[in-house]
Amino acid sequence: MLFGRKKKNPIKIADKGVVEWKYATCGYCSTGCSIEVGLNAEGEPVSSRGVADADVNRGKLCLKGIFEHEIFASAGRGLKPKRRDHWYEAWQDTDWDSALDESYAGIRRIQEKYGLDAFAIISTGQMLTEEFYTLGKLTRGLIGTNNYDGNTTLCMASAVSGYKRSFGSDGPPGCYEDFEHTDCLIAWGSNLPEQHPIIYWRMKNAQENRPFPLVVVDPRVTMLAQNADIHLPITPGTDVVLQNALMHVIFAENLQDDDYIEKNTNGIEALREEVANYDPTCAAKICGIDEDTIRVVARLFANAPAAMQIWTMGINQSTHGSDGVVGINNLALITGNIGKPGGTSLSITGQCNAMGTREWSSCSGLPGYRYLENEQDRRDMADFWNIDIDILPTKRGMFQTDIYRAIETGEIKGLWLIATNPLSSLPNVGRVRKAMEKLEFCIVQDCYEDSESNQYANVFLPAGTWAEKNGVMTNTERRVNLITPLTAPPGEAKADLWIFNQMAKRFNAQNKVTFPDNAADVFLEMAALSRGRLGDISGMNHALIEKSRGIQWPYTEKQVKNNEVPPTGGKRLYTQPASFRYADGRAKLIPLPFIDNNEVPDEAYPVWLNTGRLIEHWHGRTKTGKVTNNNKFSPIPFIEINPDLAQELGVQRGEYVRLVSRRSDAVVMATPTQRVPKNMVFLPFHFHDCANRLTLGLLDPHSRQPAYKQSAVRIEKISDQQAAARLSMEMRTF
Ligand SMILES: Nc1nc2c(c(=O)[nH]1)N[C@H]1C(S)=C(S)[C@@H](COP(=O)(O)OP(=O)(O)OC[C@H]3O[C@@H](n4cnc5c(=O)[nH]c(N)nc54)[C@H](O)[C@@H]3O)O[C@H]1N2
Ligand SMILES: Nc1nc2c(c(=O)[nH]1)N[C@H]1C(S)=C(S)[C@@H](COP(=O)(O)OP(=O)(O)OC[C@H]3O[C@@H](n4cnc5c(=O)[nH]c(N)nc54)[C@H](O)[C@@H]3O)O[C@H]1N2
Ligand code: SF4
Ligand SMILES: [Mo]
């Protein structure tokens, strides 16, 4: 017997006319999904699909990856180099040679007049690793400014700093496969289903096959919290207090792993002494989690044969960001949960190649996790690049967040922005705007000319993006994966690697330093430099990487020769006893006294402002704002607001409110939801001139990362007419 749709029209999927599929790695988040993009007979990208035999995503893609081929031909792309004498004048089209000559002359003019460091360069986590490495060589070896940093200061700096303090080096020690072995998972300040959907799917799949408890620490009831066994709605900015209280219980009940601590760590006595101050009864009053729950979670974590922690921006973006990461590492170390299957502390990275920039960009150091402060490292690089060792500074320069203060004070006069949009992403943008107006010379290199920051440029260099280029990226689990160029940059736009190489020619008059033209050769140079380092990639090349659908480092020449490593690389770090990166091989247990130094709600500004992300959008929406299937989910700025608070304010769903902080104000639509408590609103930061008008962004003392997630606001009801007038002024035209 036949049931169902027999007489109805069958569902038809439009035939896109794909004649060839080409390999790439997704250019949005750091999950690192392998994608194939379908080209039609005209060679146009018309479709995207997940790669079935790639270990990371196993055929899946999220809402952003599935429409990624649409960004190539989207509105606002930069098609021609442009110039103008002053930022407030109209643009003039120019040609590449003139634009590059003018950029070179502008940089040298500032440096000759005010000193080498008066010109700053700010890069990103969204280029390819070969591009980072080349920019680093150009900046460190030829331009010679020490004020060179990345937008990763807004993102991963606390994780980097915390890993360095605990383990003696950056480098996430775990992998996604750890979900398949763990017996307990704590997720700190991470909304995995929306921000790393395919890592979430890996986690969920593992949990369905082999159940383990999931504990989520987040002041919001995020999608991840909805799926948790235990949700800890923490008071914003107090994670360190909770971590100390968990350790207090572990020591009080003798649940720590004494053998692991003795063989692998230093500092246990000082840590015990500090956490003795944080009994759950007192800690509960600060962090808002009741004492019994603290005890339950401590026992669950410490008694699990293998226990894992992940975290993202809820930890990193705080005045205690670096301490929060050290606290996570402390918890892992005292319970022996590093370097074993299912036992790890895995920072979930943000941008697609934030890892690549940490490893190879020379932003805060030198390539391959080398340090400017270490003479041998400086000598190695000076010899390898054939540069004078004296051009290399002996300590790192300013962090990105400090560069803008130095522009305010006049210490920095010129700026080259590459693939980052500070006018949308830095806290308190009103202040950043004023700083940008003071620059004597500014270059913006972006794939979109409608990026807000381009308003302040003298020279605009139009770049290719994602799979218009060739090179590798490293994902959250240290997996290096390949992007093959499947279409050319539009108009006269050029790959970033080409732009750096052309710029290098102008600074490299004596031709002392070599700059390979093609990404595969740049990769081989990096592979040679990585030999014997923590992030050893000497066994890899582009062809092998594509064949394995990504390879995790370490992956050494020697291991490959001796058949000691699978073709997909090394899964974990610190698997051997006392193999941490401090001289004696031991990790540091570091006591973390808590000082409450945030902006907190008060009578005048009674509501917490929490900012973050949505699944459908990417940062300032230069990309997703133009992909209809993404933008239609949330085309206008809105807040999540608790229904009780909305009722008190007399605000209905869909009505507009004005948020006012001590910095400025913003108009947003109210969306009542129980996801947020009554004393908090959540504002996605994707919308133009909105969230970061309000944020304060106090800096973490170690990482200089801004506390984007903790500001105070008041809420005023406004009429639709007022809102319409304001929003039409502020909204982008797309
Ligand atoms: N769709 C999409 N995906 C993305 C991005 C994107 O723009 N769009 N960006 C990528 C990048 S660069 C990054 S860095 C990641 C960010 O990924 P996530 O960090 O997962 O995302 P966020 O929304 O910034 O913040 C996560 C959570 O931190 C919580 N939080 C706020 N304050 C606190 C606190 O004091 N303690 C704790 N424990 N939690 C707190 C917030 O409520 C929020 O739910 O996402 C990456 N993936
Ligand atoms: N309030 C608040 N603010 C935040 C955060 C938050 O949670 N709350 N999160 C912070 C975090 S974690 C991050 S990572 C930052 C991100 O902040 P930004 O670095 O400003 O992020 P994007 O908007 O992605 O900017 C990247 C720019 O590079 C361009 N681009 C993309 N690909 C390429 C390429 O291949 N070549 C070139 N040359 N250009 C390219 C894009 O068009 C875009 O203009 O925002 C931070 N700001
Ligand atoms: S999860 Fe991240 S890497 Fe994977 S398709 Fe989505 S945006 Fe791309
Ligand atoms: Mo980020």
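Residues numbered from 1 in each chain as written. Chains lettered and ligands numbered in written order. Predicted model: local features only at pLDDT ≥ 70, side-chain atom pairs only at ≥ 80, totals over all residues. Heavy atoms only, no water.

Caption draft 1: The arrangement of the overall build of the protein in detail. A count of helical and extended segments in the protein gives 26 helices and 26 strands. Relative to the 2.2 N^0.38 estimate, which gives 27 Å for 734 residues, the radius of gyration of the protein is 25 Å and therefore close to what a compact globule would have. Seen through its C-alpha atoms, the protein measures out along the principal axes to roughly 75 × 70 × 70 Å. Taking all contacts inside the protein whose residues are at least 6 apart in sequence as the whole, residues at least 24 apart take part in 73%. Working note: accessible area of the protein is about 26800 Å², and carbon and sulfur atoms make up 50% of it. (Helix = DSSP H or I, 4+ residues; strand = E, 2+ residues; numbered from the N terminus. Rg over C-alpha atoms; globule rule 2.2 N^0.38 Å. Contact = heavy atoms within 4.5 Å. Areas by Shrake-Rupley, 256 points an atom, 1.4 Å probe, with all protein chains shown as cover.)

Caption draft 2: Here's a closer look at helix α19 (residues 496-507). Across its twelve residues, α19 extends 17 Å between first and last C-alpha, which sits within 8% of the 16 Å expected from 1.5 Å per residue. For α19, the tally of buried residues reaches ten of twelve residues, placing the bulk of the element in the interior. Residues of α19 that are buried include every one of D496, L497, I499, F500, N501, Q502, M503, A504, R506 and F507, and no others. Along its buried surface, α19 packs onto α1 (96-114), α2 (129-143), β14 (414-418), β15 (441-446), β16 (459-462) and α20 (519-530). (Expected span 1.5 Å × (residues − 1). Buried < 20%, exposed > 50% of the residue type's maximum accessible area, 1.4 Å probe, protein only.)

Caption draft 3: Fine view of the pattern of salt bridges. Taken as a whole, this structure holds 49 salt bridges when the rule is applied. The partner of R358 in a salt bridge is D170, and the shortest N-O contact between them spans 2.9 Å. Here D170 lies in the loop between α3 (157-167) and β8 (184-188) and R358 lies in helix α14 (residues 354-360), a separation of 188 residues in the sequence. (Salt bridge = Lys/Arg side-chain N within 4 Å of Asp/Glu carboxyl O.)

Caption draft 4: Molecular detail of α2. The end-to-end C-alpha distance of α2 is 20 Å, a good match for the 21 Å that 15 residues give at a rise of 1.5 Å each. In terms of burial, α2 is largely enclosed, as 15 of its 15 residues are buried. Following α2 by one or two positions, G144 has its phi on the positive side, about 80°.

Caption draft 5: Up close: the site of ligand 1. Taken together, 34 residues lie around ligand 1, and D218, G237, M313, R613 and H617 are the ones closest in. M313 places a main-chain nitrogen or oxygen 2.8 Å from an oxygen atom of ligand 1. Contact between ligand 1 and N610: an oxygen atom at 2.9 Å from a side-chain N or O atom of the residue. In the complex, 100% of the free accessible area of ligand 1, which totals 920 Å², lies under the protein chains. Looking at the shell around ligand 1, the elements with two or more residues in it are α4 (192-195), α12 (313-316) and β21 (607-612). Of the residues in the shell around ligand 1, the class split is ten nonpolar, 17 polar and seven charged. Shared between two domains, the shell around ligand 1 holds at least three residues of each, these being domain 3 (157-347) and domain 4 (607-732). (Near = heavy atom within 4 Å. Polar contact = N/O pair within 3.5 Å; in protein donor to acceptor, adjacent residues only side chain to side chain. Nonpolar A, V, L, I, M, F, W, Y, C, P; charged D, E, K, R; others polar. Domains from an automatic or database assignment.)

Caption draft 6: Representation of the pairing of β8 within the structure. Judged by how many residues are buried, β8 sits mostly within the fold: five of five residues are covered. Residues of β8 alternate between two faces, with C184, I186 and W188 on one and L185 and A187 on the opposite face, all of them buried. In the sheet, β8 pairs with strand β12 (residues 307-311) via five bridges, with the strands oriented parallel. The residue bridging C184 from the neighbouring strand is A307, located in β12. Note that β8 and strand β9 (residues 214-217) share four bridges and pair parallel. By the bridge assignment, W188 is partnered in β9 with V217. (Pairing = 2+ DSSP bridges.)

Caption draft 7: Structural view of the site of ligand 3. Taken together, C26, Y28, C29, T31, G32, C33, L61, C62, K64, G65, P197 and I198 are the residues near ligand 3. Residue composition of the shell around ligand 3, grouped by class: eight nonpolar, three polar and one charged.

Caption draft 8: Representation of the domain arrangement of the protein in the model. We note that the domain assignment places domain 1 (20-73), domain 2 (82-145 + 355-561), domain 3 (157-347) and domain 4 (607-732) within the protein. Computed from C-alpha coordinates alone, the two centres of domain 3 and domain 4 are separated by 29 Å. Each side of the interface is counted separately: domain 3 has 27 residues, and domain 4 has 24 residues. Roughly 2000 Å² is buried in total at the junction of domain 3 and domain 4, and carbon and sulfur atoms are behind 51% of that figure. Together, R220, Q317 and T319 form the three largest contributors to the area buried by domain 3 at its contact with domain 4, with a combined 34%. In this assembly, domain 3 and domain 4 are joined by two salt bridges. Between E640 and R220 there is a salt bridge; the shortest N-O distance is 3.1 Å. Seen at the junction of domain 3 and domain 4, the total is eleven residue pairs in polar contact (both at pLDDT 80 or more). Within the residue set of the side of domain 3 that touches domain 4, elements represented by two or more residues are α3, α4, α6 (223-226), α12 and α13 (321-334). (Buried area = accessible area lost by both parts, 1.4 Å probe.)

Caption draft 9: Fine view of the side chain of N454. As for its placement among the helices and strands, N454 is situated in the loop between β15 and β16. Judged by its relative accessible area of 3%, N454 is buried. Of note is the side chain of N454, whose polar atom sits 3.1 Å from the backbone oxygen of E449. Those residues in contact with N454 that sit more than four places away from it in its chain are R84, W91, V444, E449 and F460.

Caption draft 10: The sheet that holds strand β17 (residues 471-474), seen in detail. Spatial ordering of the open sheet is given by β17-β18-β19, a layout of three strands whose pairing is antiparallel. In the strand order of this sheet, the two ends are held by β17 and β19 (551-552), each with one partner. Relative to strand β18 (residues 479-483), β17 runs antiparallel, the two being bridged by four bridges. Note that in β18 the partner of V472 across the bridge is L482.

Caption draft 11: Representation of the packing of helix α7 (residues 239-252) against helix α9 (residues 268-275). Packing of α7 against α9 leaves a shortest axis separation of 9 Å and a crossing angle of 110°. Considered as vectors, α7 and α9 are oriented roughly perpendicular to each other. Between α7, through N244, M247, H248 and F251, and α9, the contact on the second element is made entirely by I268, L271, R272 and V275. Across the contact of α7 with α9, the residue classes break down as five nonpolar, two polar and one charged. (Axes fitted to C-alpha atoms, helices over the stretch in contact; angles between N-to-C directions. Parallel < 35°, antiparallel > 145°, perpendicular 65-115°, else oblique.)

Caption draft 12: Structural view of the packing of α3 against α13. Remark: α3 packs on α13, axes separated minimally by 8 Å, with the N-to-C direction vectors making an angle of 45°. Considering the angle they form, α3 stands oblique to α13. As for the relative orientation of α3 and α13, their crossing is right-handed in sense. Facing S158, A159, S161, G162, Y163, R165, S166 and F167 of α3, the residues of α13 in contact are G321, S322, D323, V325, V326, N329 and L333. Each residue belonging to the contact of α3 with α13 can be placed in one class, and the counts come to six nonpolar, seven polar and two charged. (Left-handed = near helix turned anticlockwise from the far one by under 90°.)

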